[in-house]
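Architecture and fold: a report
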Amino acid sequence: MKVTIAAVGAKMPGWVQQACNEYIKRLTGTCRLEFIEIVAVRRTKNADLARIAEMEAQALQKKLTRIPVVIALDRNGKTVSTEQFAARLQTWVDKAQDVALVIGGPEGLTAGFLDNASECWSLSAMTMAHPVARVMLAEQVYRAWSINTGLPYHRAST
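Report follows, based on the coordinates. (Residues numbered from 1 in each chain as written. Predicted model: local features only at pLDDT ≥ 70, side-chain atom pairs only at ≥ 80, totals over all residues. Heavy atoms only, no water.)

**So, the sheet that holds strand 3 (residues 69–79)**
The five strands are arranged 2-1-4-3-5 in an open sheet whose pairing can be described as parallel. Of all strands in the sheet, those bounded by a partner on one side alone are strand 2 (32–38) and strand 5 (119–122). The mean inter-strand angle of the sheet, taken between neighbouring strand axes irrespective of direction, is 30 degrees. Where strand 3 lies against strand 4 (residues 99–103), five bridges are found, and the strand directions are parallel. Residue pairing for strand 4: A72 is matched across the bridge by V102. (Pairing = 2+ DSSP bridges. Helix = DSSP H or I, 4+ residues; strand = E, 2+ residues; numbered from the N terminus. Axes fitted to C-alpha atoms, helices over the stretch in contact; angles between N-to-C directions.)

Here you go:
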């Protein structure tokens, strides 16, 4: 099964690419990690931000048509613990069901995209830079997988 992190924005700094590649390399066997980037529409001083967000949502949707489970990430989404994420990941692995975790652009994801997603999760109540969100999400995919495979990476007390 494959976990896809889809995000608006391309040409990430080298440290982001390096970190994400590290987690891609670590995931082996039953779970793979990939990234899809959608180029952000250029924003000008008087840009129609709602229209831009809609254009980006459509571009994301087009790339995700073959992925059955789409989890939209939004600050108002449901909070999911690492252990809950690991349990969900195991369900997807058992069903050989691919999943996409989607990070929107500067304005976030449109209401329509959120409504059509399988679920809506929040990474944090805090706002974070998109590059940081990518790395954090990749690390959480690896952490959840390591819990499920019995690796000693996750040492949090339960």
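**With respect to empty space enclosed by the protein**
One pass over the structure, following the stated rule, counts one cavity of 30 Å³ or more. Computed from the structure, the largest cavity encloses a volume of approximately 30 Å³. Lining the largest cavity are V8, A53, E56, A57, L60, G104, G105, G108, L109 and T110. At four residues, helix 2 (residues 49–63) tops the list of elements feeding residues into the lining of the largest cavity. Considered class by class, the residues forming the lining of the largest cavity number five nonpolar, four polar and one charged. (1 Å grid on protein atoms, 1.4 Å probe; cavity = no way out; pocket = protein on both sides within 12 Å on 5 of 7 lines; lining within 4 Å. Points joined across faces, edges and corners; volume = space filled by probe spheres on them. Nonpolar A, V, L, I, M, F, W, Y, C, P; charged D, E, K, R; others polar.)

**Remarks on the pairing of strand 1 (residues 2–8)**
Summarising burial for strand 1: six of the seven residues are buried, a large majority. Relative to strand 2, strand 1 is paired through seven bridges, and the arrangement is parallel. What sits directly across from I5, in strand 2, is F35. For the crossover from strand 1 across helix 1 (residues 14–26) to strand 2, the handedness is right-handed. Here five bridges tie strand 1 to strand 4, and the two strands are oriented parallel to one another. Directly across from A6, in strand 4, lies its bridge partner V102. (Buried < 20%, exposed > 50% of the residue type's maximum accessible area, 1.4 Å probe, protein only. Right-handed = clockwise from strand over helix to strand, strands pointing away.)

These values are about where atoms sit, not about what they do.
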